[in-house]
Amino acid sequence: MRTKLVVGNWKMHKTLAEAVATVEASLRWVDARRDVDVAICPPFTALSKVRELLRHTHIQVGAQDVFWKDSGAFTGQVSPAMLSDIGCAYCIVGHSETRGRFGKLEVAESSLGYFAESDHTINLKIRALLFQSINPILCVGETEAERQAGQTEAVIRNQLASALEGIDPSEMYFFAVAYEPVWAIGTGNTCDAAEANRVCGFIRQVISDLTDADVAQNIRILYGGSVKPDNADELFRQPEIDGGLVGGASLDPHSFSRIVMAAGSNA
Ligand code: PEP
């Protein structure tokens, strides 16, 4: 039996004061739902403060990205050791907004890559996080064009195979994988629940092939892509979906609380 996990990804939103207000507004409802694991991933600037506010609750904090070295001359980067030091339990890796192929400034004339995360650096980040006992939340998913071309399964299989290369299966019990179809992120265009369930089942099968059946049965596979209070219940009722990675709707305390409640009623 896998405990549902709901993760709020705030992306580049909220000042410190806004972060505090959001956590305080949702705390009572979210913390009451002890049968659901919950994590909030604020921007780096609010991580410490949010962690402090949540210290006596079951809600954990996560980072949105990480660099793979412990320390050194890497201007602008944050290491797994630093995340561990402030009590981070999770870290998102391989989000479609940080993978290199999408990391372009959104102006027609620009080809400036701004994050350029590759399959190889995703693997390095996962290894470094595991070394610090931080749970990676690995995002995988296809673009609209890849789906249209019938490549969904091949894309996801390749993303999983490179991300997990050389990782000991025993360390994967602490993983979560998020199926995030790129065309569903921030678009309001949620993947049909039955189709999301099918792809999450496919991900579990690939993980079983790459590691072992026991790991695959225990690992949590989340769905992410326009999860809202109105569709959360149907998504979380699917047997292969073990929770959600929630972007836009996690910014609003009321919406996020309702999504956590939906996970609880399907726990
Ligand atoms: C995300 O950023 O991971 C995400 C799923 O965003 P949204 O819920 O806004 O689609």
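With respect to spatial proximity, 14 residues lie near the ligand, and among them Lys-11, Glu-180, Gly-186, Ser-226 and Gly-248 are the closest. In the environment of the ligand, an oxygen atom lies 3.4 Å from a nitrogen or oxygen atom belonging to the side chain of Asn-9. Contacts to the ligand include Gly-248, whose backbone N or O atom sits 2.8 Å from an oxygen atom. If the ligand stood free it would expose 290 Å²; the protein chains cover 97% of that surface.

Here we take up the nonpolar core. Of all hydrophobic cores here, the largest spans 64 residues; its most connected members are Val-6, Leu-83, Ile-126, Leu-138, Ile-203, Tyr-223 and Phe-236. If one sorts the elements of this core by residue count, helix α7 (residues 193-210) sits on top with eight residues. Beyond its immediate stretch of four places on either side in the chain, Tyr-223 contacts Tyr-179, Pro-181, Ala-184, Thr-190, Cys-191, Ala-196, Leu-235, Ile-241, Gly-243, Gly-244 and Leu-245. Counting 13 residues, the second largest nonpolar core, distinct from the first, contains Ala-89, Ile-92, Ile-137 and Cys-139.

Relative orientation of the contacting elements helix α6 (residues 152-163) and α7 amounts to 40 degrees, with a least axis distance of 10 Å. Classified by the angle their axes make, α6 and α7 are oblique. Seen along the crossing, α6 lies across α7 with a hand that is right-handed. Here α6 contributes Glu-153, Ile-156, Arg-157, Leu-160 and Ala-161 to the contact with α7, which in turn contributes Arg-198, Val-199, Phe-202, Ile-203, Val-206 and Leu-210. Among the residues forming the contact of α6 with α7, the class breakdown is eight nonpolar, no polar and three charged.

Further remarks concern the side chain of Asn-231. With respect to the helices and strands, Asn-231 occurs in helix α9 (residues 229-236). We classify Asn-231 as buried; its relative accessible area is 17%. Only 3.0 Å separates the side chain of Asn-231 from the backbone oxygen of Ser-226, close enough to count as a polar contact. Ignoring any residue separated from it by four or fewer positions in sequence, one finds Asn-231 in contact with Thr-190 and Ser-226.

Moving on, we come to α9. Turning to α9, its buried residues number three or more, namely Pro-229, Asn-231, Ala-232, Leu-235 and Phe-236. Looking down the long axis of α9, one finds its buried residues gathered within 155 degrees of arc, a one-sided arrangement.

Time to look at the pairing of strand β8 (residues 243-246). Note on strand geometry: in a regular strand, side chains alternate between the two faces of the sheet. Where burial is concerned, the two faces of β8 agree: the one with Gly-243 and Leu-245 and the one with Gly-244 and Val-246 are both buried. When strand β1 (residues 5-9) meets β8, the two strands line up parallel, connected through four bridges. The residue bridging Val-6 from the neighbouring strand is Gly-244, located in β8. As paired strands, strand β7 (residues 220-224) and β8 are joined by two bridges and run parallel to one another.

A few words on the sheet that holds β8. With parallel pairing, eight strands are arranged side by side around a closed barrel as β1-β2-β3-β4-β5-β6-β7-β8. When strand polarity is set aside, the average angle formed by the axes of neighbouring strands in this sheet is 25 degrees. Summarising the sheet, strand β2 (residues 37-41) and strand β3 (residues 59-63) pair through three bridges and their orientation is parallel. Each residue of the ladder has a partner; that of Ala-39, found in β3, is Gln-60. Where α6 meets the sheet, it contacts β5 (135-140) and β6 (176-179), and its direction lies at approximately 150 degrees from that of β5. In the packing of α7 onto the sheet, the strands contacted are β5, β6 and β7, and the crossing angle to β6 comes to about 140 degrees.

Here we come to the side chain of Lys-4. In this fold, Lys-4 is placed in the segment before β1. It turns out Lys-4 is buried and unbridged, and the closest side chain with the opposite charge, Asp-242, is 5.2 Å from it. In terms of polar contacts, Lys-4 uses its side chain to reach the backbone carbonyl oxygen of Phe-236, at 3.4 Å. A polar contact is formed between the side chain of Lys-4 and the backbone oxygen of Asn-266, at a distance of 3.2 Å. Every residue in contact with Lys-4, bar those within four places of it in the chain, is listed here: Val-36, Asp-37, Arg-220, Phe-236, Ile-241, Asp-242, Gly-243, Ala-263, Asn-266 and Ala-267.

Calculation criteria
Residues numbered from 1 in each chain as written. Predicted model: local features only at pLDDT ≥ 70, side-chain atom pairs only at ≥ 80, totals over all residues. Heavy atoms only, no water. Near = heavy atom within 4 Å. Polar contact = N/O pair within 3.5 Å; in protein donor to acceptor, adjacent residues only side chain to side chain. Areas by Shrake-Rupley, 256 points an atom, 1.4 Å probe, with all protein chains shown as cover. Core = buried A, V, L, I, M, F, W, Y, C linked by side-chain atoms within 4.5 Å. Buried < 20%, exposed > 50% of the residue type's maximum accessible area, 1.4 Å probe, protein only. Helix = DSSP H or I, 4+ residues; strand = E, 2+ residues; numbered from the N terminus. Contact = heavy atoms within 4.5 Å. Axes fitted to C-alpha atoms, helices over the stretch in contact; angles between N-to-C directions. Parallel < 35°, antiparallel > 145°, perpendicular 65-115°, else oblique. Left-handed = near helix turned anticlockwise from the far one by under 90°. Nonpolar A, V, L, I, M, F, W, Y, C, P; charged D, E, K, R; others polar. Arc of directions from axis to C-beta. Pairing = 2+ DSSP bridges. Lys, Arg positive; Asp, Glu negative; His and termini not counted. Salt bridge = Lys/Arg side-chain N within 4 Å of Asp/Glu carboxyl O.

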